[in-house]
Amino acid sequence: MGQHYKDVAVQALKRREAAIPKEYLLPEESIKNLPRNLTTVPKTSGHFTHGELEILETNAEDILFKIKNKLWTSVEVTKAFCKASIVAQQLTNCLTEILFPEALARAQFLDEYLEKNGQVIGPLHGLPISLKDCMITPPHPSSIGMACYANEATTPEQETVLVSILAKLGAVFYVKTTVPVAMMMMETISNIWGETNGAYHSGTSSGGSSGGEGVLLAMRGSPLGIGTDIGGSIRIPSAFNGLYGLKPTFGRFPVYGTKSGISGQDFIYSNNGPMSRSLEALKLYCSAVLSAESSPWDLDPKCLPVPWRGNVITPPGRKLRFGIIPDNDGEISVHPPIVRGLAMTKKALEAAGHEVFIWEPLNHPTMAQEMNSSFYTLGAAAILELTREHDEPVFPSMKNYEEHYLKGEHGTLGPTKLREMITKRNAYQKEYLDAWLKTGGDGKGPMDGLILPSSPWTAPRLGFTQEVFCVNFTGVFNILDYPVCTFPVTFANKDLDKKRSDWKPLNEKDAALQADYDPEFYHGTPVTLQCVGRRLEDEKVLEMTGIIAEALKNLQ
């Protein structure tokens, strides 16, 4: 038996506390009577200067422009986001490792480079970028919410490939963000770092597993963050925090060296992708990383040699065809604010001249079940043998992992079962592709994209997903390996989003989920949907997301 997890946690929390500059903390009197919408605090607290607030409210692409044109320095931008990240940490518990000394040294170097050479070092020159905890930044630990890794130093040889690429492009790394145990829950809580709460409503979940990234971005503590996604881990936190978040097709972005909760499994691929309040920031990030200059395909053997392409929807300005899932996936119905958000999106697109039709969610519940089952089968021993070594208790939504482990599946997976899993997955992929293509005909091409909820909740109350776990709306596209981007629509409104009446639940889980809906409690939480494209249509997904965002803007 290793060191007890409580002792491990004490050590990790002390390290984090020691790294926090005390002058960055909100004074005690400022945190006594907090509003439930914590995103308002930076502006109203009086803690930030006018100049700092201007930086925090500026999108990543505009920050880069101002640094390049010497209107701002990387040092002043980095200091502002360091300070804001600490306030976000105070209010939401979203940080693991704090890298301020090296971040400020890096920013100083970049400012001097620009002054001396008259040009930027790369397209991300001087931009602070926050990283999900699984990105390895030596010598700092990468705990992924587990005691076994929480205080373990990392070596230069372990550095995540994407981290190396972003550094060469000019990024400044200043914080790493919280994740749940082994990154396998849809809310962010662990025995080491505790629970990360929501930004727009402190009584709601931040989402998972990139939950720390989600709330940090919503709190204006970062202009651009990097998450990972194996079942919805970019999209769920993006949804709960009103963000744009891209889950790419596997192979488009380098993943080598990213720490995994289920190391070695290739049944469902984990991707990394950008998260931001700005869609343009996502596009800028994608074009920078997937450029001939970066050549990530020369650093990661699984990365496809396909540079990022622009203006892929042709002819420009053509009207698009969207399928939409307006209420449920055949197993789970969404909360009323999301139904309204879907109706708003449909109305906005039709007003802009696009076609929107109902899409039947083909095999969605069974695909989601298959994904969850595969995680229990492949992850039980991989996770439990590490957590049990430190006597870590198992959270309720991870009890299935423990049950599989106790049945005796200690890392053994028979070839017959694996073949069956792969055969079934491949059949789902083929069936979905065929159905997608059949939407064409009568002189029309197949649908361009699919619009659907990101989750049945806007942002569930803290702890609720431990009882009612649902990643149906995101997980299917990990099975299918389709690119997806979230987009914010509106906020829950207690006057508009009443409880359902004359409605029959699809099953007990559906009934429990709807019974939780309270218009008063969920008022003000973000309504965020997903736009889906076919495999390798990542550029098109971001372009379609932009078209949807513009249509919604014009509607409102």
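Each remark here, short or long, concerns the structure printed above.
Within any chain, residue numbers begin from 1 and follow the written order of that chain's sequence. Under the rules for a predicted model, residues below a pLDDT of 70 receive no local features and side-chain atom pairs below 80 are neither given nor counted, while totals for whole chains, interfaces and linings still include all residues. Side-chain numbers come from the whole structure's heavy atoms, not from hydrogens or water.

**Student:** Just to check I follow, could you spell out the packing of aromatic side chains for this structure?
**Tutor:** The geometry of an aromatic ring pair is captured by two quantities: the separation of the ring centres and the angle between the planes. Ring pairs shown here join Phe, Tyr and Trp side chains whose ring centres sit within 6.5 Å, with only the six-membered ring taken for Trp; geometry is labelled stacked below 30 degrees between planes, edge-to-face above 60, and tilted in between. Tallied over the full model, the rule gives 15 aromatic pairs. On the numbers, 5.3 Å between centres and 55 degrees between planes, the contact of Tyr200 with Phe491 is tilted. Here Tyr200, found in the loop between strand S5 (194–195) and helix H8 (211–218), pairs with Phe491, found in strand S12 (residues 484–491); they are 291 residues apart in sequence, far enough to count as distant. The rule is simple: take the accessible area with a 1.4 Å probe, protein chains only, and divide by the maximum for that residue type; under 20% is buried, over 50% is exposed, in between is partly exposed. On the basis of relative accessible area, Tyr200 is assigned to the buried category, the value being 13%. You can call Phe491 partly exposed: its relative accessible area is 39%. Residues Phe521 and Tyr522 carry aromatic rings whose centres are separated by 4.9 Å and whose planes lie at 90 degrees to one another, so their mutual orientation is edge-to-face. Just as Phe521 is buried, Tyr522 falls in that class too. The helix count covers DSSP runs of H or I at least four residues long, the strand count covers runs of E at least two residues long, and both are numbered beginning at the N terminus.

**Student:** When you look at empty space enclosed by the protein in this model, what are you seeing that I'm missing?
**Tutor:** Regions of empty space are outlined by a rolling probe, equal in size to a water molecule, passed over the atoms. As defined here, a cavity is a set of points on a 1 Å grid over the protein atoms alone where a 1.4 Å probe fits but cannot get out. A pocket is an open set with protein on both sides within 12 Å along at least five of seven lines, and residues line them when an atom is within 4 Å of a point. Grid points are joined across faces, edges and corners, and a volume is the space filled by probe spheres set on the points. The full count for this structure, using the stated rule, is two cavities of 30 Å³ or more. Within this model, the largest cavity holds a volume of roughly 180 Å³. Together, 19 residues line the largest cavity, and Met184, Met185, Phe375, Phe469 and Val471 are the ones closest to its centre. Among the elements that take part in the lining of the largest cavity, helix H12 (residues 364–387) stands out by supplying four residues, more than any other. Polar here means any residue other than Ala, Val, Leu, Ile, Met, Phe, Trp, Tyr, Cys and Pro, which are nonpolar, and Asp, Glu, Lys and Arg, which are charged; Gly is therefore polar. Looking at the lining of the largest cavity, its residues break down into 12 nonpolar, seven polar and no charged. If you add up the space inside the second largest cavity, you get close to 70 Å³. Forming the walls of the second largest cavity are Val181, Asn191, Ile383, Leu384, Thr387, Glu392, Pro393, Val394, Phe395, Met398 and Tyr401. In terms of residue count, H12 provides more of the lining of the second largest cavity than any other element does, three residues in total. Its residues assigned to classes, the lining of the second largest cavity comprises eight nonpolar, two polar and one charged.

**Student:** What is the right way to look at the nonpolar core in this model?
**Tutor:** As a rule of thumb, nonpolar side chains are buried together in soluble globular proteins. Among the buried residues, those of types Ala, Val, Leu, Ile, Met, Phe, Trp, Tyr and Cys that are joined through side-chain atoms within 4.5 Å form a nonpolar core. Counting 154 residues, the largest nonpolar core has Leu166, Leu450 and Phe477 as the members making the most contacts within it. Broken down by element, this core gets its largest block of residues, nine residues, from helix H5 (residues 74–92). In this analysis, two residues are considered to be in contact whenever any of their non-hydrogen atoms come within 4.5 Å of each other. If we skip the residues at most four places from it in the chain, Leu166 touches Leu124, Ala171, Phe173, Ile226, Tyr285 and Val289. With eight residues, the next largest nonpolar core counts Tyr5, Ala147, Ile192 and Trp193 among its residues.

**Student:** It is not clear to me how the side chain of Asp516 should be interpreted in this structure. Could you clarify?
**Tutor:** Counting through the fold element by element, Asp516 comes out in the loop between helix H17 (508–515) and helix H18 (519–522). Judged by its relative accessible area of 9%, Asp516 is buried. Here a polar contact is recorded for every N or O atom pair within 3.5 Å, except that within protein the pair must consist of a potential hydrogen donor and a potential acceptor, and residues adjacent in sequence are included only if both atoms are side-chain atoms. In this structure the side chain of Asp516 is engaged in a polar contact, spanning 2.5 Å, whose partner is the side chain of Tyr522. Leaving out residues up to four positions away in the same chain, Asp516 has contacts with His335, Trp457, Arg461, Phe464 and Tyr522.

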